[in-house]
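Summary of the model geometry
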Amino acid sequence: MPHKTVAELLIERLMQWGVDTIFSLPGDGINGIYEVLRLNEKNIKVVQVRHEEAAAFAACAYAKFSGRLGVCLATSGPGGVHLLNGLYDAKFDGQPVLAITGHTFHDLIGTHYKQDLDLDKLFMDVAAYNERIMGPSHVHNVVDEAIKIALSQRTVVHINIPKDIQEWKMDGQRSVANTPAHSADIYKMSRPVPSQVELSTAAAVINHGKKVVILAGRGALDAREEILKLAAMTRGVVIKALLGKAVVPDDSPYTTGGIGLLGTAPSQDAMQECDTLIMVGTSFPYLEFYPKQGVRTVQIDIDSARIGLRHRVDAGLTGDCRETLRALLLLLEQRQDKSFLEKSQERMKKWNELLRAEGTCMDKPLKPQVVAYQLSSLIDNNCIICADTGVVTTWAARHILVRGDMQFSASGNLSSMANALPYAVGAAMANPGRQVICLCGDGGFSMLMCELATIAKYNLPVKIIIFKNNVFGMIKWEQIVFEGNPEYGLDLHPIDFAMFARSCGVAGFSLDDPAQAQAIIRKALGTTGPALIDAQIDPYEAPMPGHINSTQAWHFAEAMIRGEKDRWNIIKTVIRNKVRRIF
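Residues numbered from 1 in each chain as written. Predicted model: local features only at pLDDT ≥ 70, side-chain atom pairs only at ≥ 80, totals over all residues. Heavy atoms only, no water.

1. Some thoughts on the pattern of salt bridges
A side chain of one charge can pair with a side chain of the opposite charge if their charged atoms are brought near each other. Per the counting criterion, the structure on display carries 29 salt bridges. A salt bridge links Asp250 to Lys240; the shortest N-O distance between them is 2.8 Å. Remark: Lys240 occurs in strand E8 (residues 237-240) and Asp250 occurs in the loop between E8 and strand E9 (255-258); sequence separation between them is 10 residues. Assigned by exposure class, Asp250 and Lys240 land together as buried. The shortest N-O distance in the salt bridge between Asp534 and Lys468 comes to 3.0 Å. Here the residue Asp534 occupies a position in strand E18 (residues 531-536), and Lys468 occupies one in strand E16 (residues 462-468), the gap between them amounting to 66 residues. When its relative accessible area of 8% is taken as the criterion, Lys468 is described as buried. Overlapping salt bridges bring together Asp118, Asp120, Lys121 and Arg132 as one network. (Salt bridge = Lys/Arg side-chain N within 4 Å of Asp/Glu carboxyl O. Helix = DSSP H or I, 4+ residues; strand = E, 2+ residues; numbered from the N terminus. Buried < 20%, exposed > 50% of the residue type's maximum accessible area, 1.4 Å probe, protein only.)

In structure tokens form, the structure reads like this:
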């Protein structure tokens, strides 16, 4: 390959690694790469986004919903800067994403030239591997190392290429030490399993337990069968962290659903009453929702640094969750006593009755629970659900019930707003023809609403539901319940999102009547191509936790006393909901 340019060598190597999709916005700092992409458009698809932040979010979602490497490409200076939020989302949620950026001319770097922003330094924290390509003989070495690290460590990597170097041609010159073709485009996935001694220690802890809770996270997403066998063997209760929502179906008799502020009351009860905790592929961050420290704990995680991070551990198992569970199940005794499980099941029946009452409520203004509940029964059994961050996450976590081969994700540890719409782009590109459901608040949607044009451009089968209450809802309730302060600075100027959708060439629907919810949702889901529902919901509907503690109750009262402007509407709504929970 004596005459190939750096850009040609880059794209050729990416294709050899199986990359066929890149999320990007063009710019002069990557024009050399774009020309090669143009010449290879039959083999590698460039998905043009409207903002580089969306490119990184989409690459993260592509990795989440395909299990493959996500790739995003941005120009020098501001283009690279814009990638950062989406890349941190990938880093925090353990997704393999390769970011490629341009730079100014190599011999003008450091001379205050236009867009001379040192992205290598800027990306030092977000990227586990972060290198600038220095010439043609450097390309394969850097690309191979970057991709291997991204896949093996499930993390973000970054490659930077100055504008002029992209067009340098391979002339055969290389250092004596750089032996040609020594780097290979090969990655072999490892599924490690702990030793037999470690497995036996963990089995002894579990076999001794009488009230077992299994806390499953995203690391257990490919271990559904094993998690259900574990629950059956131990007569245990499966509780799911948000990113582990799809680990087991929500209609499984073993699960009580989610945990935390977005979770269920039966999950909180089971956590507080258990004597044994099995953590599988999770480092759920909210310590106050874990059992008391005296509860015996087994933790399984692929990352040894996560063992004992959140809770004291009696037996830690570093290994692949699915393979480790398979080995562990062989050592477990079948428990006969079902009393702990049955107690949780009875509580779950009552919880589901509450959800049903909330989801069929005909009160006006339209309740957000109605939108989510009606949607849940109508979506495909193998759809992909992308949830934004905010109050909408509560409605998604509780009222969208996972069944069949559904997949679900949100911005987990980063909890960034605006992720859902670009997530939907990445999910749809990774799974052509599959139904993608995008759940947004009006605050999060409006931050990257330009990406609706991306969805329209590629005619992606994405159905977007916007829970519009004209306020930054989650922050509102945080100010009131967590801080005891009246809300401030949160009102949003209303936008007609249905009209906006139609202006982008997307079918737009408006919903404000609970009696019309099912019909309008059904019509939107039946639309060929993308569709959007602008659901005007009750702004006073609070995302109540499964159980309210005394501190939360006091702060709520304090905020009302101190002059919360909507206090009477809020109090009226909360009292009505509390009565519904009692009766």
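So much for the structure itself; the text now carries on.
2. Side note on the sheet that holds strand E4 (residues 97-103)
Pairing in this open sheet of 6 strands is parallel, and the strands run E2-E1-E3-E4-E6-E5 from one edge to the other. The open sheet has two edge strands with one neighbour each: strand E2 (45-48) and strand E5 (129-132). Within the sheet, the average angular offset between the axes of one strand and its neighbour, ignoring direction, is 20°. The pairing of strand E3 (residues 70-74) with E4 spans 5 bridges and is parallel. Bridge pairing links Gly70 to Val97 in E4. Here helix H1 (residues 6-16) sits on the sheet and contacts strand E1 (21-24), E4 and strand E6 (156-162); the angle it forms with E4, its principal contact strand, is near 170°. (Pairing = 2+ DSSP bridges. Axes fitted to C-alpha atoms, helices over the stretch in contact; angles between N-to-C directions. Contact = heavy atoms within 4.5 Å.)

3. Some points on the nonpolar core
One finds Leu87, Phe445 and Ile464 to be the most contacted residues of the largest nonpolar core, which totals 55 residues. No other element matches helix H3 (residues 52-66), which puts 10 residues into this core. When near neighbours in sequence (up to four residues on either side) are disregarded, Leu87 contacts Ala56, Cys72, Val97, Ala99, Phe123, Val126 and Val156. Grouped together as the second largest cluster of nonpolar side chains are 47 residues, Val247, Met271, Phe284 and Tyr290 included. (Core = buried A, V, L, I, M, F, W, Y, C linked by side-chain atoms within 4.5 Å.)

4. Comments concerning the pairing of E1
When a strand is regular, its side chains alternate between the sheet's two faces. Side chains Thr21 and Phe23 project from E1 onto one buried face, and the interleaved Ile22 and Ser24 project onto a second face that is buried too. Tracing the backbone out of E1, into helix H2 (residues 31-39) and back to the parallel element E2 gives a crossover that is right-handed. Both E1 and E3 contribute to a ladder of 2 bridges, which runs parallel. By the bridge assignment, Ser24 is partnered in E3 with Leu73. (Right-handed = clockwise from strand over helix to strand, strands pointing away.)

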